Amino acid sequence: MGEVFLARPLRREGVQDDRLLVIKTLLPHLADDEQTLTMFLDEARLAARLNHGNVCQIYELGDDDGTWFIAMEYVRGVDCAQLM
């Protein structure tokens, strides 16, 4: 459905931000499918409304030159495969 990247925010006005973010993107060919795009946007909107220590915070949702993305909090830990 998409790709996930680990990223750092850009420096702004000389202020360094050492946080790590996760950028989740929707593959471009899937963005053309209205149902898939709606599910991606719904996921971001629902997650952004949740405020709980066990739910990643959503920082931004957008479209950059045709690529939809969700910028979210990075939480260190093991993935589900490692956990199982």
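Above: the structure in question.
Residues numbered from 1 in each chain as written. Predicted model: local features only at pLDDT ≥ 70, side-chain atom pairs only at ≥ 80, totals over all residues. Heavy atoms only, no water.

Novice: Hey, could you run me through the environment of Leu41 in this one?
Specialist: Within the secondary structure, Leu41 is located in helix H2 (residues 34-49). By relative accessible area, Leu41 is classed as buried at 10%. A C-alpha to C-alpha distance of 8.7 Å links Leu41 and Trp68, two positions 27 residues apart in sequence. Those residues in contact with Leu41, other than ones at most four positions away along the chain, are Leu61 and Trp68. (Helix = DSSP H or I, 4+ residues; strand = E, 2+ residues; numbered from the N terminus. Buried < 20%, exposed > 50% of the residue type's maximum accessible area, 1.4 Å probe, protein only. Contact = heavy atoms within 4.5 Å.)

Novice: In this structure, what is going on with the sheet that holds strand E3 (residues 58-64)? I would like to understand it.
Specialist: Pairing is antiparallel in the open sheet, where four strands are placed in the order E1-E2-E4-E3. With partners counted over all chains shown, the strands left at the sheet margins are strand E1 (2-7) and E3, one partner each. For this sheet, the mean inter-axis angle between neighbouring strands, taken without regard to orientation, is 20°. As paired elements, E1 and strand E2 (residues 21-26) share six bridges and run antiparallel to each other. The residue bridging Val4 from the neighbouring strand is Lys24, located in E2. (Pairing = 2+ DSSP bridges. Axes fitted to C-alpha atoms, helices over the stretch in contact; angles between N-to-C directions.)

Novice: Sorry if this is basic, but what is going on with the side chain of Thr25 here?
Specialist: Position of Thr25 relative to the elements: it lies in strand E2. Look past the residues within four positions of Thr25 in its chain and what remains in contact with it is Met1, Gly2, Glu3, Phe5, Phe40, Thr67, Trp68 and Phe69.

Novice: Where do I start with the packing of aromatic side chains in this structure?
Specialist: Two aromatic rings, taken as a pair, are described by how far apart their centres are and by the angle between their planes. Per the stated rule, a full pass over the model turns up zero aromatic pairs. Taking NZ or CZ as reference, Arg19 lies 4.9 Å from the ring centre of Tyr59, over its face. (Phe/Tyr/Trp six-rings, centres within 6.5 Å; stacked < 30°, edge-to-face > 60°. Lys NZ or Arg CZ within 6 Å of the ring centre and 35° of its normal.)

Novice: What should I look at first to understand the pattern of salt bridges in this one?
Specialist: One side chain can pair with another of opposite charge once the charged atoms of both are near each other. Tallied over the full model, the rule gives two salt bridges. When the shortest N-O distance is used, the salt bridge between Lys24 and Glu43 registers 2.8 Å. In this pair, Lys24 is assigned in strand E2 and Glu43 in helix H2, connecting sequence segments 19 residues apart. (Salt bridge = Lys/Arg side-chain N within 4 Å of Asp/Glu carboxyl O.)

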